[in-house]
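Commentary on secondary and tertiary structure
What follows is the residue order along each chain.
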Amino acid sequence: MNAPSQQALRRAVAHLGPVLGLIVDLGERFAAAGHELALVGGPVRDAFLARTSPDLDFTTSARPEESEPILAAWGETTWDIGRAFGTIGAVRGGTTVEVTTYRADAYDRTTRKPVVAFGDNLVDDLRRRDFTVNAMALRLPALEFIDPYAGLADLAARRLRTPAPATVSFADDPLRMMRAARFAAQLGLEPSAEVFAAMRELAGSISIVSAERVRDELTKLLLAPQPRAGLGLFVDAGLAAEVLPELPALRLEIDEHHRHKDVYEHSLTVLDQAIALEGPPGGTPDSVPGPDLVLRLSALLHDIGKPRTRRFEAGGGVSFHHHEVVGAKLVRARLRALRFDKETVTAVSRLVELHLRFHGYGDGAWTDSAVRRYVTDAGPLLPRLHRLTRADCTTRNARKARRLAATYDELERRIGRLQQQEELAAIRPELDGNQIGAILGIPPGPVLGQAYTYLLSVRLDEGPIGPAAAEDRLRAWWAARTSS
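Report follows, based on the coordinates. Keep in mind that what you see is a predicted model, and the values were worked out from it rather than measured.

**Things to note about the environment of Arg373**
- As for its placement among the helices and strands, Arg373 is situated in helix 18 (residues 368-378).
- On the accessibility criterion, Arg373 (31% relative accessible area) is partly exposed.
- Each C-alpha atom, one on Arg373 and one on Thr162, is 54 Å from the other, the two residues being 211 residues apart in sequence.
- Apart from the residues lying within four places of it in its own chain, the contact partners of Arg373 are Arg357, Ser457, Leu460 and Asp461.

Dropping the structure here:
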């Protein structure tokens, strides 16, 4: 190992300081029992990057039945849920570790689940890992750095390579291609020519990976500090065409006669700007503390209805009428297919549906009724809608950008005034369901729901009018209904 690598190793070991005593102790226990143990993968990579890894993963020559008693004596709690894959876990002092027997797996390439086979040496175990930057190890307890595939050099060069040939690695486990995109976003790593070519060649094989695993990798990518690079690789390598085809579809053909924004680049810019508007982690809900998955998905996908609604107009213009409505439906279907939870699907599709509403505000001539409806339609999503709407203003015309920002500032001030006066977040009709039923002499059911909806519309249109006036309006509505 050359001198610069020795210096890098000293810094990495120093970064492991808070857990160093624990992992060295664990290494000594395995050594005393006649087994090898090494810290491996993400924790080693992150130590060289001065990042704190959430996981402590180890590989060992010991079989699971040999690891378990050592970990039981070392830790406070152990579990063996991964025993079939050679993994035993333990917790000590709030630190969680997972220890896995050296592996020499085989894949049938119809699923990404390997036929588990235990290996007999560390170098071969490292070769089966996804990327060279994750194929570095610290052998314990001596803290000997093991880097048979030049992962540290790749990390310094910000380069993604695979220990085995890339086509073999990705054919074995296609999810590794999604991880490549995620590492591009999280760590700023760029694929080598071989890796990119293999991704292009094998992108279709991502179909054998479960939607849940694809969703998890996509989520990690989007929650990275700068997801644009990862999304670019995701699209350029052909993965998005397989699992999120609405995203590359935004690359609409643009010609000299029909001019409009590059919708794909615009969407990435909106995502960048939405991220910049997130609040600090741990902030209040109104600040939309980042990273916020709902806001980021909404920003990325807000215009996916445009390809289906594009119309060429006389005179060279292009229109996308009702693309927000079409887009909301597409978002709902795609996120469901990717097994996102119901709350996320509902929130993102609603934000996409509402993202153009502000542009009807024009010169600020909305009535108080329209402002109330803007707030109530957004509901708890209003802080995110504020940020999505502002992020969507990507014009290069500085004067227009200032005007849009000033107009939205005024809308937010009006919302604030009305919220103070009327508690818009908790807006309700001035008569509740029991009162409506008693006045009209009707039981709970669809008709009472219609009466409630009518009084809510009165409240939104006119503001507070008082229970007596609300009752008069209800009786008039009922009389008109029953006489028709």
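What follows picks up the thread again.
**Here's the deal with the nonpolar core**
- Among the nonpolar cores identified, the biggest contains 118 residues, and Phe48, Phe58 and Phe234 are the most heavily contacted of them.
- In terms of residues, this core owes the most to one element, helix 8 (residues 175-187), which gives 9 residues.
- Apart from residues lying up to four places away in sequence, Phe58 is in contact with Ile23, Leu26, Leu37, Ala38, Leu39, Val40, Val97, Glu98, Val99, Thr100 and Leu140.
- In this structure, Leu431, Ile436, Ile442 and Leu474 belong to the second largest nonpolar core, which totals 11 residues.

**Structural notes on helix 8**
- With 13 residues, helix 8 should cover 18 Å at 1.5 Å per step; its first-to-last C-alpha distance of 18 Å lies within 8% of that length.
- In terms of burial, helix 8 is a largely internal element, 12 of the 13 residues being buried.
- Here helix 8 has its buried residues at Leu175, Arg176, Met177, Met178, Arg179, Ala180, Ala181, Arg182, Phe183, Ala184, Ala185 and Leu187.
- Of the residues flanking the end of helix 8, it is Gly188, one or two places downstream, whose phi is positive at about 70°.

**Concerning the side chain of Ser169**
- Checked against the element boundaries, Ser169 lands in helix 7 (residues 166-172).
- Relative accessible area serves as the criterion here: at 3%, Ser169 is assigned to the buried category.
- A polar contact is formed between the side chain of Ser169 and the side chain of Arg176, at a distance of 3.0 Å.
- Setting aside chain neighbours within four positions, we find Ser169 in contact with Asp130, Thr162 and Arg176.

**With respect to the sheet that holds strand 6 (residues 137-140)**
- One open sheet holds the 7 strands; their spatial order is 3-4-5-2-1-6-7, and the pairing between them is mixed. The outermost strands of the open sheet, each flanked by one partner alone, are strand 3 (77-82) and strand 7 (144-146). For this sheet, the mean inter-axis angle between neighbouring strands, taken without regard to orientation, is 30°.
- Two strands pair when backbone bridges link them, and strand 1 (residues 37-40) and strand 2 (residues 57-60) are joined in this way by 3 bridges, in the antiparallel orientation. Of the residues in strand 2, the one forming a bridge with Leu37 is Thr60.

**As for unusual backbone geometry**
- Following Leu140, the chain continues into Pro141 via a peptide bond in cis, with omega recorded as 5°.
- Summarising the element assignment, Pro141 is placed in the loop between strand 6 and strand 7.
- Following Gly290, the chain continues into Pro291 via a peptide bond in cis, with omega recorded as -5°.
- Tracing the backbone through its elements, the reader meets Pro291 in the loop between helix 13 (263-276) and helix 14 (293-301).
- Backbone geometry places Val288, a non-glycine residue, at a positive phi of 50°.
- Within the element layout of this structure, Val288 appears in the loop between helix 13 and helix 14.
- Taking the relative accessible area as the measure of exposure, Val288 reaches 3% and is therefore buried.

**Considering the pattern of salt bridges**
- This model, assessed by the stated rule, comprises 34 salt bridges.
- Salt-bridge contacts for Glu278 lead to Arg296; the nearest nitrogen and oxygen are separated by 2.9 Å. Of the two residues, Glu278 is situated in the loop between helix 13 and helix 14 and Arg296 in helix 14; the sequence distance between them amounts to 18 residues.
- What makes Glu278 buried here is its relative accessible area of 14%.
- Residue Arg384 pairs with Asp292 through a salt bridge whose shortest N-O separation is 2.8 Å.

**Some remarks on the packing of aromatic side chains**
- Throughout the structure, instances matching the rule amount to 6 aromatic pairs.
- Where Tyr454 meets Trp477, the ring centres are 5.5 Å apart and the plane angle is 15°; that geometry is what we call stacked. Within this pair, whereas Tyr454 is found in helix 22 (residues 446-462), its partner Trp477 is found in helix 23 (residues 467-483), the two being separated by 23 residues in sequence.
- The exposure class assigned to Trp477 is buried, which follows from its relative accessible area of 18%.

The rules behind these values
- Residues numbered from 1 in each chain as written.
- Predicted model: local features only at pLDDT ≥ 70, side-chain atom pairs only at ≥ 80, totals over all residues.
- Heavy atoms only, no water.
- Helix = DSSP H or I, 4+ residues; strand = E, 2+ residues; numbered from the N terminus.
- Buried < 20%, exposed > 50% of the residue type's maximum accessible area, 1.4 Å probe, protein only.
- Contact = heavy atoms within 4.5 Å.
- Core = buried A, V, L, I, M, F, W, Y, C linked by side-chain atoms within 4.5 Å.
- Expected span 1.5 Å × (residues − 1).
- Polar contact = N/O pair within 3.5 Å; in protein donor to acceptor, adjacent residues only side chain to side chain.
- Pairing = 2+ DSSP bridges.
- Axes fitted to C-alpha atoms, helices over the stretch in contact; angles between N-to-C directions.
- Salt bridge = Lys/Arg side-chain N within 4 Å of Asp/Glu carboxyl O.
- Phe/Tyr/Trp six-rings, centres within 6.5 Å; stacked < 30°, edge-to-face > 60°.

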